[in-house]
Amino acid sequence: MSMIRSKFVGFGHYLPEKVLTNDDLSKIVDTNDEWITDRTGIKQRSIAADNECTSDLAYEAALNAIDYAKIEANEIDLVIVATATPDNTFPSTSTKVADKIGVKKGAPAFDIAAACSGFVYALNMADLMIKSGQAKNALIIGAETMSRLVDWTDRNTCVLFGDGAGAVVLTATTAEDDNKGMLATKLFANGGLYDELRTTGGVSSSKDAGCIQMNGREVFKNAVTYLPDGVKQVAKEAGITIDDIDWLIPHQANIRIIEGTGKKLGMDKEKVIISVQNHANTSAASIPLALSENIRSGKVKEGDLIAFTAFGAGFTWGASVVRL
Ligand code: ACO
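On a predicted model such as this, the values are computed, not experimentally measured, just so you know.

**Notes on helix 10 (residues 286–296)**
A turn of α-helix holds 3.6 residues, and therefore any two residues three or four places apart point the same way.
Then, number 1: Of all the 11 residues making up helix 10, nine are buried; the element is thus mostly covered by neighbouring parts of the structure.
Then, number 2: Count one or two residues on from helix 10 and you reach Gly298, which has phi positive near 90 degrees.

Below you can see the structure in the form of structure tokens.
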């Protein structure tokens with residue numbers, strides 16, 4: 001029996017036009033470029049226009065990925081959007097995006113809520129549905145308008161986030177045809193640390209969306225532990241060594257977290273993809289956004305072995321190993 005695998009055939013991303021620099025931020029809250037750069041590595045972030053929603057960002061990134069994949073929208077038979085900032089509490093943002101793109105009528109569409117780990121969670125779900133024969137061409141999008149969820153008077157958090165979207169198209173292939181595709185994923189969660197990073201409210205508690213609140217040090221400590229740990233565990237599962245990995249694409253929250261992760265894994269600095277300086281933390285969008293940018297620049301190539309690793313609110317975390 002031939003073994004089905006999920007192969008990456010499309011990559012796309014989208015960033016809103018408006019850019020907010022650290023200097024711009026220093027006019028809104030008591031902060032400065034030096035503090036933000038030293039502590040986070042962030043230099044600027046994109047901010048969605050007033051009339052731009054998460055679904056609009058997701059739509060643009062998806063079109064970009066479908067174009068790259070050279071497939072017709074109506075061949076897509078699964079759509080997953082990873083987001084913590086949906087247009088509406090329901091329906092899911094994925095249903096809106098799927099309809100706007102013109103995916104196959106009746107194809108399942110759903111959102112995944114795993115905060116900054118959402119894209120890795122979504123990849124795993126798509127991979128499982130492809131492997132089981134439930135889907136052939138899956139569109140997976142990470143999209144966020146974090147600017148709508150931050151408290152613009154709280155300098156501890158508002159400097160850290162940005163808006164954006166990234167997307168990939170996965171297609172069913174067989175292991176005999178080539179050695180490419182998703183090799184392994186590991187997902188984790190620990191709700192015991194729910195309160196360390198969360199919104200101040202939600203539909204069933206405060207009846208509004210709330211805004212972001214976090215214990216920065218606790219987040220930092222756990223992120224630099226579990227981002228590398230996820231990679232170690234998934235590498236073992238995939239039967240590869242850390243040395244085999246061509247590129248590590250970690251969730252982009254903070255340059256010190258990213259560099260600490262690479263260091264704990266003993267990886268060459270050059271192998272760790274960093275884009276947080278340009279986009280800040282775009283939550284579930286950060287990994288597919290960094291992937292698409294680096295594919296399009298020619299840095300990351302077909303055949304490369306990639307590890308994704310993510311960590312976010314919940315806490316949730318997870319990692320994947322992929323042969324592009
Ligand atoms: N500008 C100027 N000063 C600031 C700012 C700011 N934007 N934000 C905080 N400060 C001040 C604080 O008020 C504090 O002042 P005080 O000592 O007078 O009280 C001082 O800077 C130091 O604050 P610390 O919390 O000690 O700074 P730290 O070195 O821990 O850095 C940071 C804070 C950057 C938030 C760090 O803890 C961190 O990166 N944590 C991870 C958080 C993260 O990335 N969250 C994203 C979501 S989770 C995820 O995606 C993985």
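Additional details are given in the paragraphs that follow.
**Considerations on the environment of Ala73**
Then, number 1: Within the element layout of this structure, Ala73 appears in the loop between helix 3 (54–69) and strand 4 (78–82).
Then, number 2: C-alpha separation for the pair Ala73 and Lys104, spaced 31 residues apart in sequence, amounts to 7.2 Å.
Then, number 3: With residues up to four places along the chain from it excluded, the contact list for Ala73 reads Ile66, Ile101, Gly102, Val103 and Lys104.

**Some remarks on the nonpolar core**
When a protein is soluble and globular, its nonpolar side chains tend to lie buried together.
Then, number 1: Residues Ile212, Val231, Ile242, Ile245, Leu248, Phe311 and Phe315 are the most contacted members of the largest nonpolar core, which totals 44 residues.
Then, number 2: Going through the elements one at a time, strand 8 (181–189), helix 7 (216–238), helix 8 (255–264), strand 12 (305–312) and strand 13 (316–323) are the ones with two or more residues in this core.
Then, number 3: Each of domain 1 (4–174) and domain 2 (181–323) contributes no fewer than three residues to this core.

**Notes on the site of the ligand**
Then, number 1: What surrounds the ligand is a group of 23 residues, the closest being Thr31, Arg39, Arg217, His251 and Asn254.
Then, number 2: Side-chain polar atom of Arg217 to an oxygen atom of the ligand: 2.4 Å apart, as the coordinates give it.
Then, number 3: Taking Asn254, its side chain carries an N or O atom lying 2.5 Å from an oxygen atom of the ligand.
Then, number 4: With the chains in place, 77% of the 1,000 Å² that the ligand exposes on its own is no longer accessible.
Then, number 5: Residue assignment for the shell around the ligand shows that the elements contributing at least two residues are helix 2 (33–40), helix 6 (155–158), helix 7 and helix 8.
Then, number 6: A total of four residues in the shell around the ligand trace back to one element, the largest contributor, which is helix 7.
Then, number 7: The residue inventory of the shell around the ligand, partitioned by class, reads 11 nonpolar, seven polar and five charged.
Then, number 8: Summarising the domain contributions, the shell around the ligand has at least three residues from each of domain 1 (4–174) and domain 2 (181–323).

**Comments concerning the pattern of salt bridges**
Then, number 1: Going through the model one piece at a time under the given rule, you end up with nine salt bridges.
Then, number 2: Put simply, Lys43 and Asp33 hold a salt bridge, and the shortest N to O gap is 3.2 Å. Placement of Lys43 in the loop between helix 2 and strand 3 (44–47) and of Asp33 in helix 2 is noted, with a sequence separation of 10 residues between them.
Then, number 3: The closest approach of N and O atoms between Lys180 and Glu302, which form a salt bridge, is 3.6 Å. On the criterion of sequence distance, the pair formed by Lys180 in the loop between strand 7 (163–174) and strand 8 and Glu302 in the loop between helix 10 and strand 12 is long-range, its members being 122 residues apart.

**Overview of the sheet that holds strand 11 (residues 247–250)**
Then, number 1: Sheet architecture is open: four strands sit in the order 8-13-12-11, paired in mixed fashion. Each edge of the sheet is formed by a strand with only one pairing partner; in this case those strands are strand 8 and strand 11. The average angle at which neighbouring strand axes cross in this sheet is 15 degrees, direction not considered.
Then, number 2: As defined by bridge partners, strand 12 adjoins strand 13 across eight bridges and the pair is classed as antiparallel. When the sheet's bridge partners are listed, Phe311 is paired in strand 13 with Trp317.

**Section: the domain arrangement of the protein chain**
Then, number 1: Split by domain assignment, the protein chain resolves into domain 1 (4–174) and domain 2 (181–323).
Then, number 2: The distance between the C-alpha centroids of domain 1 and domain 2 comes to 14 Å.
Then, number 3: Residue-level contacts link 53 residues of domain 1 with 48 residues of domain 2.
Then, number 4: Summed over both partners, the interface of domain 1 with domain 2 comes to about 3,900 Å²; 68% of that surface belongs to carbon and sulfur atoms.
Then, number 5: Between the two partners, domain 1 and domain 2, sit zero salt bridges.
Then, number 6: At the surface where domain 1 touches domain 2, the tally comes to 19 residue pairs in polar contact (both at pLDDT 80 or more).
Then, number 7: Every element with two or more residues in the side of domain 1 that touches domain 2 is listed here: strand 1 (4–14), helix 2, strand 3, helix 3, helix 5 (118–131), strand 6 (137–145), helix 6 and strand 7.
Then, number 8: Examining the composition of the side of domain 1 that touches domain 2, we find that eight residues originate from one element, helix 5, more than from any other.
Then, number 9: Classifying every residue of the side of domain 1 that touches domain 2 gives 24 nonpolar, 18 polar and 11 charged.

**As for unusual backbone geometry**
Then, number 1: Of note, the bond from Phe90 into Pro91 is cis; its omega dihedral lies within 30 degrees of zero at -5 degrees.
Then, number 2: Looking at where Pro91 falls in the secondary structure, it is placed in the loop between strand 4 and helix 4 (93–101).
Then, number 3: That bond from Gly314 to Phe315 is cis: its omega, -10 degrees, falls within 30 degrees of zero.
Then, number 4: When you line up the elements, Phe315 lands in the loop between strand 12 and strand 13.
Then, number 5: Even without being a glycine, Ala115 presents a positive backbone phi close to 50 degrees.
Then, number 6: For Ala115, the position within the fold is in the loop between strand 5 (109–112) and helix 5.
Then, number 7: Judged by its relative accessible area of 18%, Ala115 is buried.
Then, number 8: Despite not being glycine, Ala280 shows a phi value in the positive range, around 60 degrees.
Then, number 9: Among the residues examined, Ala280 registers a relative accessible area of 1% and is labelled buried.

Conventions and cut-offs
- Residues numbered from 1 in each chain as written.
- Predicted model: local features only at pLDDT ≥ 70, side-chain atom pairs only at ≥ 80, totals over all residues.
- Heavy atoms only, no water.
- Buried < 20%, exposed > 50% of the residue type's maximum accessible area, 1.4 Å probe, protein only.
- Helix = DSSP H or I, 4+ residues; strand = E, 2+ residues; numbered from the N terminus.
- Contact = heavy atoms within 4.5 Å.
- Core = buried A, V, L, I, M, F, W, Y, C linked by side-chain atoms within 4.5 Å.
- Domains from an automatic or database assignment.
- Near = heavy atom within 4 Å.
- Polar contact = N/O pair within 3.5 Å; in protein donor to acceptor, adjacent residues only side chain to side chain.
- Areas by Shrake-Rupley, 256 points an atom, 1.4 Å probe, with all protein chains shown as cover.
- Nonpolar A, V, L, I, M, F, W, Y, C, P; charged D, E, K, R; others polar.
- Salt bridge = Lys/Arg side-chain N within 4 Å of Asp/Glu carboxyl O.
- Pairing = 2+ DSSP bridges.
- Axes fitted to C-alpha atoms, helices over the stretch in contact; angles between N-to-C directions.
- Buried area = accessible area lost by both parts, 1.4 Å probe.

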